[in-house]
Amino acid sequence: MLSWYAPGCRDSGERVRLAGVVAELAHSHEVDCLFLEPGPDDENTASEWVALRSKLRLRPYCIPAISIARATILGRSVYSELLNRRNLAKPIREWLSAQSYDVILANQLYVMPLIPPGLHSQVILDTHNADSVRLMRLANEGHGSGFQRLAAYLQSVMTRRLESQLAKTLMGVWAVSDADAEHFNAMAFRRVSVVPNGTQVPKRVRQVGMVAGPEIRLLFVGSLGYNANLDALQWFRDKWGSAANDVSWRLTVIGSGDISRARHIVATEPRISLVGRVDSVDDYYLTADALVVPMRQGGGTRLKVIEALAAGLPIISTEMGMEGVGAQSDEHYLQVRSPEEFNAALKVIRDSPLAVERMTRQGLRLASQFMWPVIRKTMESSLRDWRGSDA
């Protein structure tokens, strides 16, 4: 597994997926985890790689705006440019060429410039989003400045071109949802398999019942350095929260990354408590009354949604927030399309325990499809079938 970043705390979806994929594959395969950014699993990294990386200079995982601007001006996808630096790419390509891996799992498009073209037929691209689709959605539906939306549009076009080029050379791609798989099939990737984001079987499931106190305890989970999550948090503060005047609520915000922008967003709303990074979200899922997912941007599937369903936590979300998991409004979650509907959803959580219990039980059934032991079978099948067809 070649990745820019190492697995981290469970409130960062990308790192959680990486940890889950590696852990499940390690049940039946020898897996080297080759992380460019130091992380908690370095002791499991190939010793030669540690020595190699000590000679490299790489910032922690981030995508600076200046890098996006530079790539756009050059007419290239930022995914092909971020790590494509001679002092970084050359030694890594040489190192990989000297190894004898049966399969190279590339964690997202960023790392593809580090893999020699001659090894592309051994590469499975493990995606967290269909990036060109996510960027086009940001351009069409985003809420940034005109320049940001133009940059997103241009990057979408360039990233689609990059995906098209890779489609001809890679062994295959793992998509997180049926919708993303449709995109990759349309791009004519040789092989596509849906390997969704997953979660472990929870040790405990939340007890369904009446709201315990005078206030509804809401939970917001997400990487706080990700623009789509920051947009969702601000949307909650400005629209959802301001409309809920006849229902008492309090929101707890947890997430990794730089919390400075999130702190600025919540500063004027005393009902929102910013916690930031936590070692585990489990206790928060068990003690909250509902998870809120006011997403208007992004792509793929949201790990927090799968984890909340598996924990038996009711969910209040936009339709976009529940994409990719097959959830139905009022069956698995309470859909919100307007601030008034958020107020109505809070009343359901507060006043209708039987309806909430029915919804959470349906959510538990849906979540059973996203347990890592189930997903492992799909990964194993594609590894066996794809390698066999190339033999």
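Please read all numbers here as calculations on a predicted model, not as lab measurements.

1. What to know about the pattern of salt bridges
For the structure shown, the criterion picks out 18 salt bridges. Here Asp351 ties to Arg350 by a salt bridge, and the two come within 2.8 Å at their closest N and O atoms. Asp351 gets classed as partly exposed once you look at its relative accessible area, which sits at 44%. Taking relative accessible area as the criterion, Arg350 reaches 31% and is therefore assigned partly exposed. A salt bridge links Glu357 to Arg361; the nearest nitrogen and oxygen atoms lie 2.8 Å apart.

2. A closer look at the packing of aromatic side chains
Taken as a whole, this structure holds 7 aromatic pairs when the rule is applied. Measuring from ring centre to ring centre gives 5.4 Å for Phe184 and Phe189, while their planes differ by 85°; the resulting arrangement is edge-to-face. In this structure, Phe184 and Phe189 share a single accessibility class: buried. Their ring planes at 85° and their centres at 5.2 Å tell us that Phe236 and Trp249 sit as a pair that is edge-to-face. Taken as a pair, Phe236 in helix H9 (residues 227-243) and Trp249 in strand E8 (residues 249-254) lie far apart in primary sequence, 13 residues in all. On the basis of relative accessible area, Phe236 is assigned to the buried category, the value being 0%. Overall, Trp249 belongs to the buried group, its relative accessible area being 1%. Grouped by ring-pair contacts, the aromatic residues Phe236, Trp240, Trp249 and Phe342 constitute a single cluster. Here the basic side chain of Lys304 rests over the ring of Phe220, its NZ or CZ set 5.6 Å away from the ring centre.

3. Some words on helix H1 (residues 13-25)
Taking 1.5 Å per residue as the helical rise, H1 with its 13 residues ought to reach 18 Å, and the 18 Å between its terminal C-alpha atoms agrees with that figure. Among all positions in H1, only Arg15, Val16, Arg17, Leu18, Gly20, Val21, Val22, Glu24 and Leu25 are buried.

4. Things to note about unusual backbone geometry
Of note, the phi angle at Gln108 is positive, near 80°, even though the residue is not glycine. With phi around 70°, Asp330 is a residue other than glycine that occupies positive phi space. Mapped onto the elements, Asp330 comes out in the loop between strand E11 (315-317) and strand E12 (334-335). Residue Asp330 is classed as exposed on the basis of its relative accessible area of 61%.

Criteria and thresholds
- Residues numbered from 1 in each chain as written.
- Predicted model: local features only at pLDDT ≥ 70, side-chain atom pairs only at ≥ 80, totals over all residues.
- Heavy atoms only, no water.
- Salt bridge = Lys/Arg side-chain N within 4 Å of Asp/Glu carboxyl O.
- Buried < 20%, exposed > 50% of the residue type's maximum accessible area, 1.4 Å probe, protein only.
- Phe/Tyr/Trp six-rings, centres within 6.5 Å; stacked < 30°, edge-to-face > 60°.
- Helix = DSSP H or I, 4+ residues; strand = E, 2+ residues; numbered from the N terminus.
- Lys NZ or Arg CZ within 6 Å of the ring centre and 35° of its normal.
- Expected span 1.5 Å × (residues − 1).

Note that all results are geometric; they support no functional claim without further evidence.
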